[in-house]
Amino acid sequence: IEGDGEDALKLLARSVSTLSLISDEIILPETPAALTALVAIGRGEPHAAQIILEKALKTSLGGEAGRRRHTLLHAWSLMVQGHLDVAEKNILEFKKINNLCDRDHLLYGCILVGLARRRTDITSMREAWEMVREQTFGIDLTLYDLLPLGEMLVTAARLRDLERLQPFLKNAVAILQSLNDPIAWSAPLHWHAVQAAFQVEDPSALIPHANALVKAEKVSSYAATLAQAGNTWLEVLRREANFDSVTKSVRALAKSGQVWDAARLAGQAALQHPEREEALSMMQLAREINKEQLNKARTLSKSSVLTARELEVGRLVLDGQGYRAIGEQLFISPKTVEHHVARIRNRLGATSRGQLIEKLHDVVNG
């Protein structure tokens, strides 16, 4: 809770390694991997959350309930980074699951809402929002549920349904205030509340959340990034922003993993700026951010094609090891290794060993 979350992140990451040894033999109110991911995202490190959740999924930490929770948070970390297609692919299974617990069902609905909002798919966003609205009846949000609440605020503002979330926001603020507003937990909520205020053009709703981010600048570089980005966004809406301030905020947002928000800020600045030359420069900046995100998404999409075991085999193939040596290290037969390599070829579309090595290098080291 204390500080900017750096010490908490290290401690929680160690706990994931410790508990991975006992896998699904322990029951916890929240898994250490999920806690680590929440803190990482709250610090502006969604990629760190992605890595720790992939480790938890690989070791089956928390059994089936843990796997579902980790899969959803993993999809969230991908969505925040702008990897929308991969995130959507990874949660397809939840369309057929009818026995999700309330908080996971809410998280799933908010991921659908978030994906639709980022794609500007109003129809899908309305459909997903109806699911979320139904799921909020009779539910009490805890500290661990503030992440989906942020997405709910922005979407409700977009759909002019913000009033129904006021009790949830009031309760969330009370929880955070009782803990002295820990920035590693409150930053995403404050940022989304600022975004919601922009949507409904309500400066009075923006002020307390913007002030909270500014207050936390001294203890959190991520809060400083969000505070500066919020100020830049306000300048954009007032048609007062210049290219240098927009570039600084956009680059800082992208560096902290908020790639989609970064591209949106640049794009909105381009549309709002009265000077044609600066507007074109801002549009080019938006294209650069989108291109960088697209390249990362392509690499991620390729890597998601391979299973964890295939990735292990692929790394050893890249090391130049033969089937027998790989089998000895992984405790499988050379024939099984051969089958894995054949599947890797098919998945990556490699028609020769040279192509296989090249594509494996992109996937494993990309």
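Source: prediction; values computed, not measured. Sequence order as written defines the numbering, with residues in each chain counted from 1. The predicted origin of the model limits local features to residues at a pLDDT of at least 70 and limits the giving and counting of side-chain atom pairs to 80 or more, whereas totals for whole chains, interfaces and linings rest on all residues. Water and hydrogen atoms were dropped before computing side-chain values, which therefore reflect all heavy atoms in the structure.

## Considerations on the nonpolar core
Definition used in this section: a nonpolar core is a set of buried Ala, Val, Leu, Ile, Met, Phe, Trp, Tyr and Cys residues joined via side-chain atoms within 4.5 Å. Residue burial is assigned from relative accessible area. The probe radius is 1.4 Å, only protein chains are included, and a residue is buried under 20% of its type maximum, exposed over 50%, and partly exposed in between. Within the largest apolar cluster, 64 residues are counted, with the highest numbers of intra-cluster contacts made by Trp76 and Ile111. Residues Ile183, Val236, Leu253 and Ala286 belong to the second largest nonpolar core, which totals 32 residues.

## Quick notes on the confidence of the model for the chain
Confidence scores labelled pLDDT are given residue by residue by the predictor and lie between 0 and 100. Here the chain averages 84 in pLDDT, while 92% of its residues score no lower than 70. To qualify as a helix, a DSSP run of H or I must reach at least 4 residues; to qualify as a strand, a run of E must reach at least 2; elements of each kind are numbered from the N terminus. Taken element by element, the chain is modelled with least confidence in helix H1 (residues 6-19), mean pLDDT 71, and with most confidence in helix H6 (residues 102-118), mean pLDDT 93.

## A short note on the packing of helix H3 (residues 46-58) against helix H4 (residues 63-80)
Angles here are taken between N-to-C directions and fall from 0 to 180 degrees, while the axes themselves are lines fitted to C-alpha atoms, restricted in helices to the stretch in contact. H4 packs onto H3 with a crossing angle of 155° between their chain directions and a minimal axis gap of 9 Å. It follows from the interaxial angle that H3 and H4 lie roughly antiparallel. Considering only the axes of H3 and H4, their crossing is left-handed. Of H4, the residues touching H3 (which contributes Pro46, Ala49, Gln50, Leu53, Glu54, Ala56 and Leu57) are Arg67, His70, Thr71, Leu73, His74, Ser77, Leu78 and Val80. Tallied by class, the residues present in the contact of H3 with H4 amount to eight nonpolar, five polar and two charged. Put simply, angles under 35 degrees are roughly parallel, angles over 145 are roughly antiparallel, angles from 65 to 115 are roughly perpendicular, and the rest are oblique. Note on convention: the crossing is left-handed when the near helix lies turned anticlockwise from the far helix by less than a right angle, right-handed when the turn is clockwise. Residues count as neighbours in contact if any of their non-hydrogen atoms are within 4.5 Å of one another. Charged residues are taken to be Asp, Glu, Lys and Arg, nonpolar residues to be Ala, Val, Leu, Ile, Met, Phe, Trp, Tyr, Cys and Pro, and polar residues to be all remaining types, Gly included.

## Comments concerning the state of the cysteines
The definition used for a disulfide is geometric: two cysteine sulfur atoms within 2.5 Å. The full count for this structure, using the stated rule, is zero disulfides. In this model cysteine 101 remains outside any disulfide bridge; the closest cysteine sulfur is found in cysteine 110, 13 Å from its own. Of the residues examined, cysteine 110 reaches a relative accessible area of 1% and is grouped as buried.

## A look at helix H9 (residues 166-178)
A helix is expected to span 1.5 Å for every residue after the first. Look at H9: 18 Å from first C-alpha to last across 13 residues, which is about the 18 Å you get at 1.5 Å a residue. When we look at burial in H9, the residues that qualify are Phe168, Leu169, Ala172, Ile175 and Leu176. Down the axis, H9 shows its buried residues gathered within 120° of arc, on one side only. In H9, the exposed positions that point more than 90 degrees away from the buried face belong to Pro167, Lys170, Gln177 and Ser178. Contacts made by the buried residues of H9 are with helix H8 (146-158), helix H10 (183-200) and helix H11 (203-215). Of the residues trailing H9, asparagine 180 is marked for its positive phi of about 65°. This arc corresponds to the set of directions leading from the helix axis out to the C-beta atoms.

## Quick notes on the packing of aromatic side chains
Here the aromatic set is Phe, Tyr and Trp, taking the six-membered ring for Trp, and pairing holds for ring centres within 6.5 Å; pairs whose planes are under 30 degrees apart are stacked, those over 60 apart are edge-to-face, and all others are tilted. Scanning all chains against the criterion turns up four aromatic pairs. Aromatic pair phenylalanine 94 and tyrosine 108: ring centres 5.8 Å apart, planes at 35°, arrangement tilted. Residue phenylalanine 94 is located in the loop between helix H5 (84-90) and H6, and its partner tyrosine 108 is located in helix H6; the two are separated by 14 residues in the primary sequence. Owing to a relative accessible area of 2%, phenylalanine 94 belongs among the buried residues under this scheme. Stacked on the ring of tryptophan 260, the Lys or Arg arginine 118 has its end atom at 5.3 Å from the ring centre. Look at NZ for Lys and CZ for Arg. If either is within 6 Å of the ring centre and within 35 degrees of the ring normal, a charge sits over the ring.

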